[in-house]
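Listed below are the residues making up each chain.
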Amino acid sequence: MTQEDTRATNERLRSLPAVDKVVGSMGFDGPQARATAMARRALDEARVEVRQGSEAPDFDAIIDRAETLMIEELRMGLVRVINATGVIIHTNLGRAPMGSEQIRAVIEVAGTYSNLEYDLSEGRRGSRYAHATRLIARVTGAEAAIVVNNNAAAVLLTLAALCSGREVIISRGELVEIGGEFRIPDIMSISGARLVEVGTTNRTHLVDYERAISPDTAAILKVHPSNYKVVGFTSTVPARDLARLATGRGVTFLHDLGSGLVTDDAPADFTGEPLVQVALEDGANVAMFSGDKLLGGPQAGIIVGHTHHIIQLERHPLLRVLRVDKMTLAALEATLRLYLDGRTDEIPLWRMARTDADELERRARAIAEELREIGSIKVEAFPTRSVAGGGSLPDVEVGSWAVALLPDRAGASELQRSLRRSDPPIVARVEEDRVLLDLRTVAPDDDRTLAAAIRRVLG
Ligand SMILES: *Cc1c(COP(=O)(O)O)cnc(C)c1O
């Protein structure tokens with residue numbers, strides 16, 4: 001490098017603005033320290049470029065870079081997104097959102113001490129599960145209950161506590177993967193129970209189970225087909241028949257229900273899932289389900305059944321490993337109370353499921369009307385179908401309405417990507433070259449935010 005070059009480089013480095021000046025011009029009202037860190041990084045990058053022989057970037061370019069870094073940094077954490085997929089229980093987007101009553105319960109216990117494991121009438125140690133258990137029993141009619149981290153944990157604990165070292169019979173049609181690495185055979189092997197497969201993928205008969213029962217059999221397990229449907233030449237054994245067989249032969253009948261529907265006033269489209277109450281009436285000794293699928297509460301695994309079985313689960317060391325925290329229990333209790341009080345409209349899942357298509361059409365038309373004129377992209381209201389999702393009701397679709405974006409030059413997936421990058425990020429579907437923003441899963445309060453984001457992306 002010549003002396004001349006060195007002098008020019010130093011000149012350019014000196015021309016770069018001070019950190020404070022960059023921070024002062026950044027459009028940002030969060031913590032000062034974060035803005036300062038990003039301004040430093042933007043300036044560091046500029047220095048590297050100058051040393052490699054580039055011109056110094058101008059002031060606006062540095063501000064731009066610092067702001068971009070800021071946005072990227074914010075994105076690295078857990079952030080709210082607008083779910084415009086129409087999939088109500090979207091596992092990747094956090095499953096069931098909670099309503100104000102449920103959230104209030106979480107906030108209350110999060111910020112104070114509580115009687116989590118303290119018996120206030122006796123003044124001594126109590127059970128963490130006692131409060132929720134009473135409510136679960138009232139909602140489902142179960143004799144006893146326990147709560148763990150999620151339904152996968154519920155299945156694991158049940159098998160480990162009741163079947164370890166012995167055989168568990170299950171239909172080949174139910175050896176399923178629920179997604180996210182939950183595979184029944186894997187859970188079974190971790191639990192120490194031995195899997196005995198009966199029947200075929202499409203057909204299993206009562207006699208298949210009957211023949212498989214041996215002195216080593218601990219239980220028959222039925223797994224609800226949550227996210228798939230075997231169609232055509234099929235046959236499965238009803239829970240009631242399995243329960244009768246199990247009782248007659250002195251083995252336990254376990255029923256993994258998956259979704260955990262507990263209300264019989266669900267919209268007609270959602271009644272395909274087994275009711276927890278009915279599964280118990282049908283003779284399940286132990287049944288398990290998720291807290292954040294069709295219950296509409298926090299992530300949790302709820303196990304219901306006979307007292308003497310639940311006691312065995314309570315005594316198993318895995319319960320401590322799989323235990324839920326106070327915020328989960330608070331949210332779960334609030335959720336169960338909403339069912340008991342007949343206030344299911346305050347559970348967002350049911351509010352979204354029940355919104356009628358006319359209402360969604362009106363909202364879609366209002367947004368489309370407002371955005372019609374933007375750029376070269378056509379915006380229109382478009383009828384579509386939403387699904388329950390999250391491993392429930394695999395064949396059920398509900399009529400819905402979307403805001404459809406019909407891109408011209410930029411492709412639909414490019415537009416979908418830009419929406420994901422907006423603030424808040426918007427997750428949409430692409431169907432036949434259209435970007436569809438299904439309003440069933442968008443809170444009405446978010447319509448304005450959604451419209452503004454589309455305007456920015458298209459503008
Ligand atoms: C969803 C599901 C699970 C797993 O439940 P998580 O709460 O996600 O752990 C297990 N079994 C069935 C049948 C399911 O549908």
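Worth saying up front: this structure is predicted, and the values here are computed from it rather than measured.

Digging into the packing of aromatic side chains
Counting across every chain of the model gives 0 aromatic pairs. Above the face of the F59 ring, K21 is positioned so that its terminal group lies 5.1 Å from the ring centre.

Here's the deal with the side chain of E333
The topology assignment puts E333 in helix α14 (residues 326–340). Within the buried set, E333 has no salt-bridge partner at all; the shortest N-O distance to an opposite charge, 4.5 Å, is to R337. Setting aside chain neighbours within four positions, we find E333 in contact with H131, A132 and L135.

Let's talk about helix α8 (residues 184–191)
What α8 keeps buried is the set I184, I187, M188 and S191. Seen end-on, α8 carries its buried residues on one side only, within an arc spanning 100°. Away from its buried face, by an angle of more than 90 degrees, α8 presents the exposed residues S189 and I190. Along its buried surface, α8 packs onto α7 (151–163), β5 (167–171), β6 (194–198), β7 (217–223) and β8 (252–258). Immediately downstream of α8, the backbone of G192 shows phi near 90°, a positive value.

Quick word on the sheet that holds β6
In space, the 7 strands of this open sheet follow the order β4-β10-β9-β8-β7-β5-β6, with mixed pairing throughout. If you trace the sheet from one side to the other, it starts and ends with β4 (144–148) and β6, each paired once. Recorded for the sheet is a direction-independent mean angle of 25° between the axes of neighbouring strands. Bridging between β5 and β6 involves 5 bridges; their strand directions are parallel. Bridging from a neighbouring strand, V168 pairs with L195 of β6.

Quick notes on the domain arrangement of the protein chain
The domains assigned to the protein chain are domain 1 (3–75), domain 2 (82–94 + 351–458) and domain 3 (100–344). Centre-to-centre separation of domain 1 and domain 2, based on C-alpha positions: 37 Å.

Remarks on the nonpolar core
Within the largest apolar cluster, 85 residues are counted, with the highest numbers of intra-cluster contacts made by V147, C163, I220, L254, I303, V304 and W350. Ranked by residue count, the leading element in this core is α7, at 9 residues. Both domains that meet at this core, namely domain 2 (82–94 + 351–458) and domain 3 (100–344), each give it at least three residues. In contact with V147, not counting residues within four places along its chain, are Y129, A132, I136, A300, G301, L319, V324, L329 and L332. With 28 residues, the next largest nonpolar core counts A381, L415, A428 and A453 among its residues.

Conventions used here
- Residues numbered from 1 in each chain as written.
- Predicted model: local features only at pLDDT ≥ 70, side-chain atom pairs only at ≥ 80, totals over all residues.
- Heavy atoms only, no water.
- Phe/Tyr/Trp six-rings, centres within 6.5 Å; stacked < 30°, edge-to-face > 60°.
- Lys NZ or Arg CZ within 6 Å of the ring centre and 35° of its normal.
- Helix = DSSP H or I, 4+ residues; strand = E, 2+ residues; numbered from the N terminus.
- Buried < 20%, exposed > 50% of the residue type's maximum accessible area, 1.4 Å probe, protein only.
- Lys, Arg positive; Asp, Glu negative; His and termini not counted.
- Salt bridge = Lys/Arg side-chain N within 4 Å of Asp/Glu carboxyl O.
- Contact = heavy atoms within 4.5 Å.
- Arc of directions from axis to C-beta.
- Pairing = 2+ DSSP bridges.
- Axes fitted to C-alpha atoms, helices over the stretch in contact; angles between N-to-C directions.
- Domains from an automatic or database assignment.
- Core = buried A, V, L, I, M, F, W, Y, C linked by side-chain atoms within 4.5 Å.

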